[in-house]
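Architecture and fold: a report
Listed below are the residues making up each chain.
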Amino acid sequence: MSELVISLDPDTRQSLLDVADAQDRAPEEVVREAVRRHLHQERTVVRVVAERLARRHADLLRRLGE
């Protein structure tokens, strides 16, 4: 696993520590899960937009492929 260092403002850091403590987890675990969840949501949004664009411009894409 590679390491990534991020800076958090004091309020965000305290919120992270509070959530981790309440869940009896390490703050790093909470962050990893949050990042995975966020990336999954973003991939979904990108896929939906790409599919919509592909449908909207299907004729043009087909002509470009000829």
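Residues numbered from 1 in each chain as written. Predicted model: local features only at pLDDT ≥ 70, side-chain atom pairs only at ≥ 80, totals over all residues. Heavy atoms only, no water.

1. A short note on the overall build of the protein
Our working definition: Numbered from the N terminus, helices here are DSSP runs of H or I no shorter than four residues, and strands are runs of E no shorter than two. Only C-alpha atoms enter the radius of gyration, while the globule expectation follows 2.2 Å times N to the 0.38, with N the number of residues. Here the open area of atoms and residues is found with the Shrake-Rupley method and a 1.4 Å probe, where only the protein chains shown may cover a residue.
Secondary structure summary: the protein contains three helices and zero strands in total. Reading the protein from its N end, one meets helices and strands in the order α-α-α. Radius of gyration (C-alpha) of the protein: 20 Å, far over the 11 Å computed for a compact globule of 66 residues. With respect to the principal axes defined by its C-alpha atoms, the protein has extents near 60 × 25 × 20 Å. Carbon and sulfur atoms make up 55% of the accessible area of the protein, which totals about 6100 Å².

2. Points about the environment of Ser7
On the secondary structure map, Ser7 appears in the segment before helix H1 (10–22). In this structure the C-alpha to C-alpha distance between Ser7 and Val30, which are 23 residues apart in sequence, comes to 15 Å.

3. Let's talk about unusual backbone geometry
The phi dihedral of Asp24 is positive, around 55°, even though this residue is not glycine. Here Asp24 is to be found in the loop between H1 and helix H2 (27–56).

4. Here's the deal with the environment of Val19
Defined as follows: Accessible area is worked out with a 1.4 Å probe on protein chains only. A residue is then buried under 20% of its type maximum, exposed over 50%, and partly exposed in between.
Residue placement: Val19 occurs in helix H1. Accessibility expressed as a relative area gives 37% for Val19, which makes it partly exposed. Sequence separation of Val19 and Val30 is eleven residues, and the distance between their C-alpha atoms is 7.8 Å.

5. Quick notes on a nonpolar patch on the surface
Applicable threshold: Patches in this entry comprise residues that are over 30% relatively accessible and not in a salt bridge; like charges within 9 Å are linked, as are nonpolar side chains (Val, Leu, Ile, Met, Phe, Trp, Tyr) within 5 Å. By convention in these notes, a salt bridge is any Lys or Arg side-chain nitrogen within 4 Å of a carboxyl oxygen on Asp or Glu.
A cluster of nonpolar side chains, namely Leu4, Ile6 and Leu8, defines an oily patch on the protein surface of about 320 Å² accessible area. Summarising the element assignment, Leu8 is placed in the segment before H1.

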